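Remarks on the overall topology
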Amino acid sequence: MNSAFPLVPERASSLAGEVDALFLFILGVTGLFAVGIWIALLFFAIRYRRRSSDDRPAEIHGSLALELVWTIIPFLLMVVMFVWGAKVYFHMNRPPDDAMTVSVVGKRWMWKLQHPTGQREINELHVPVGRAVKLVITSEDTIHSFFVPAFRIKKDAVPGRYNTAWFRATKAGTYHLFCAEYCGTEHSRMIGRVVVMPPEDYQTWLAGGPAPESPVVAGEKLFTELNCLTCHRPDSAGRGPVLLGIFGRPVNLAAGDTVVADEAYVRESILSPAARVVAGYQPVMPTYQGQVSEEQLIALIAYIQSLQVPSGAPVDGGASR
Ligand code: CUA
């Protein structure tokens, strides 16, 4: 949309059309009903007004047919909105498997982003056109919200939690990025841009600048520096569970239940190790709260995620006992 006064933001992601179609449908239905109700209201007010002080209207009895009509039609319209809305919602919340993961950390008052290859950016995100991008969003301080109107995505950045959103940009260009949750004095300045580039240009952009350290490599270093290896030994002789191949799999807990070792569980295990101990182990791990930053946590998680068993090999996570 190129008019000087655009009614909707530009549509620049594969989700944008879907969101707009649903929005316009709901707007159309509610608009028609609103107009219909105004007209009926005016008509009835005039047609059935009290004409003199001794005017006595005739008594009215119910009409089953009329009541059924005004119950069933709105019900069906609501069902359409619900089913359609659920479809769009699930599509928005299920990133494709081939998506590249960009980590997003909100902080008063800036957006810190990191590419899977390690490049870091502040208040700017460069992405290739046509590629699915999964955002793993968190915050270091208060609640922010990552909002790119042209992509129709908005997701809260909540401290202590990883929220995900995804998009596939459909055309090259520069798009607004906002913080959409009031987060303090400079909330209104917590803005940035998303630069969508043709894939070749994105490769050139990635190659420019100093060679970065990927989160996996940074995480591996931290893993060594923090002496995690002393207990999490790869030969299942350590005091902690073997981490090889554990990511994304269900883990049996000492309390008897199971949990999937996802980003949130790994994060919790680093910051509050005693919260959900793996079955067969003692709660001996110290907390790393205050010792690792959000970015370091993301790197550690990326490293643990990278510890995959070569396909075909049996998994001995020490966790499935
Ligand atoms: Cu961050 Cu508003």
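Structural data are supplied above this passage.
Calculation notes
Every chain is numbered independently, its residues counted from 1 as its sequence is written. Thresholds applied to this predicted model are a pLDDT of at least 70 for local features of residues and 80 or more for the giving and counting of side-chain atom pairs; totals over whole chains, interfaces and linings are not thresholded and use all residues. Note that the side-chain values use all heavy atoms of the structure and ignore hydrogens as well as water. Put simply, DSSP H or I for four residues or longer makes a helix, DSSP E for two residues or longer makes a strand, and each gets a number counted from the N terminus. The criterion used for residue contact is that any of the two residues' heavy atoms lie within 4.5 Å. Only the protein chains shown count as covering a residue, and every accessible area follows the Shrake-Rupley method with a 1.4 Å probe. For this count, His and the chain ends are skipped, Lys and Arg are scored as positive, and Asp and Glu as negative. Charge positions come from single atoms, namely NZ of Lys, CZ of Arg, CG of Asp or CD of Glu. Candidate patch residues must exceed 30% relative accessible area and have no salt bridge, after which like charges are joined if within 9 Å and Val, Leu, Ile, Met, Phe, Trp or Tyr side chains if within 5 Å. Counted as salt bridges are all cases of a side-chain nitrogen of Lys or Arg within 4 Å of a carboxyl oxygen of Asp or Glu. By the convention used here, strands pair only if DSSP detects at least 2 bridges between them. Fitted lines through C-alpha atoms serve as axes, helices being fitted only where they are in contact, and the angles separating the N-to-C directions of these axes extend from 0 to 180 degrees. Any angle that falls under 35 degrees is termed roughly parallel, while one over 145 is termed roughly antiparallel, one within 65 to 115 roughly perpendicular, and all others oblique. For this classification, the nonpolar set comprises Ala, Val, Leu, Ile, Met, Phe, Trp, Tyr, Cys and Pro, the charged set comprises Asp, Glu, Lys and Arg, and every other residue, Gly included, is treated as polar. Of the two site types, the cavity is a set of points on a 1 Å grid over the protein atoms alone where a 1.4 Å probe fits but cannot get out, and the pocket is an open set with protein on both sides within 12 Å along at least five of seven lines, each lined by residues with an atom within 4 Å of a point. Grid points are joined across faces, edges and corners, and a volume is the space filled by probe spheres set on the points. Here a crossing is called left-handed whenever its near helix is offset anticlockwise from the far helix by less than a right angle, and right-handed whenever the offset is clockwise. Throughout this description, the term nonpolar core refers to a set of buried Ala, Val, Leu, Ile, Met, Phe, Trp, Tyr and Cys residues connected via side-chain atoms within 4.5 Å. To sort residues, take the accessible area from a 1.4 Å probe on protein chains only and compare it with the maximum for the residue type: under 20% means buried, over 50% means exposed, and anything in between is partly exposed.

With respect to the overall build of the protein
For the protein, the count of helices and strands is 6 helices and 12 strands. Seen through its C-alpha atoms, the protein measures out along the principal axes to roughly 95 × 50 × 45 Å. A separation threshold of at least 6 residues defines the contact pool for the protein, and within that pool the share at least 24 residues apart is 66%. In the form shown here, the protein has an accessible surface area of approximately 19000 Å², with 62% of it arising from carbon and sulfur atoms. Averaging the positions of the 29 positive and the 29 negative side-chain charges in the protein gives two centres separated by 5 Å.

Section: a nonpolar patch on the surface
A cluster of nonpolar side chains, contributed by L64, L68, I72, F75, L76, V79, F82 and V83, occupies part of the molecular surface with about 810 Å² of accessible area. Among the structural elements, V79 can be located in helix α2 (residues 64-93).

Some words on the sheet that holds strand β10 (residues 192-197)
Overall, mixed pairing links the 5 strands, which are arranged β4-β10-β9-β6-β7 in an open sheet. Both outer strands of the open sheet, β4 (124-128) and β7 (153-157), are each paired with one neighbouring strand and no more. Within the sheet, the average angular offset between the axes of one strand and its neighbour, ignoring direction, is 20°. Relative to β10, strand β9 (residues 173-179) runs antiparallel, the two being bridged by 5 bridges. Among the inter-strand pairings, Y175 is bridged to a residue of β10, identified as V194.

Focus on the packing of helix α4 (residues 215-225) against helix α6 (residues 294-306)
Two numbers describe how α4 lies on α6: the axes approach to 7 Å, and their chain directions differ by 95°. Comparing the axis directions of α4 and α6 gives the class roughly perpendicular. Taken together, the residues of α6 that come into contact with α4 (itself represented by P215, V216, A218, G219, E220, L222 and F223) are Q296, A299, L300, A302, Y303 and S306. In terms of residue class, the contact of α4 with α6 is made up of 9 nonpolar, 3 polar and 1 charged.

So, the sheet that holds strand β5 (residues 132-139)
Pairing is mixed across the open sheet formed by 5 strands, whose spatial order is β3-β2-β1-β5-β8. The strands lining the two open edges of the sheet, one partner per strand, are β3 (120-122) and β8 (163-168). With strand direction ignored, the average angle separating the axes of adjacent strands in the sheet is 25°.

Digging into the layout of surface pockets
Roughly 640 Å³ of internal volume is contained in the largest pocket. What lines the largest pocket is a set of 32 residues, among which H232, P241, S269, P273 and M285 lie closest to the centre. Elements with a contribution of two residues or more to the lining of the largest pocket: α5 (263-271) and α6. Split into classes, the residues belonging to the lining of the largest pocket amount to 24 nonpolar, 6 polar and 2 charged. The calculated volume of the second largest pocket comes to roughly 400 Å³. Considering the residues around the second largest pocket, the lining is formed by 16 residues, among which T101, V136, E263, A302 and Q305 are closest to the centre.

With respect to the packing of helix α1 (residues 16-47) against α2
One way to put it is that α1 packs onto α2 with a least axis distance of 10 Å and a crossing angle of 160°. By the angle between their directions, the pair α1 and α2 is classed as roughly antiparallel. For the element pair α1 and α2, the recorded crossing hand is left-handed. Where α1 approaches α2, its residues E18, V19, A21, L22, F25, I26, V29 and F33 are matched on the opposing element by L77, V80, M81, W84, G85, V88, H91 and M92. Broken down by class, the residue content of the contact of α1 with α2 amounts to 13 nonpolar, 2 polar and 1 charged.

Looking at the nonpolar core
The biggest cluster of nonpolar side chains holds 35 residues, and the ones touching the most others in it are W111, L135, F146, F151 and F167. Those residues in contact with L135 that lie beyond four places of it in its chain are V102, V104, L125, F146, I153, N163, T164, A165 and F167.

Comments concerning the environment of Y265
With respect to the element layout, Y265 can be found in helix α5. The class for Y265 is buried, based on a relative accessible area of 6%. Remark: the alpha-carbon pair of Y265 and P74, spanning 191 residues in sequence, is separated by 43 Å. Here Y265 is in contact with L253, V259, V260, R276 and V278, once residues within four sequence places are set aside.

A closer look at the pairing of strand β6 (residues 144-148)
Where burial is concerned, most of β6 is hidden: 4 out of the 5 residues are buried. Relative to β7, β6 runs antiparallel, the two sharing 5 bridges. From the neighbouring strand, F147 faces β7, where its bridge partner is K154. Counted along the chain from β6 to the antiparallel partner β7, the turn is 4 residues long, and its residue R152 has a positive phi close to 60°. Relative to β9, β6 is paired through 2 bridges, and the arrangement is antiparallel. Its bridge partner lying in β9, F146 is registered against C179.

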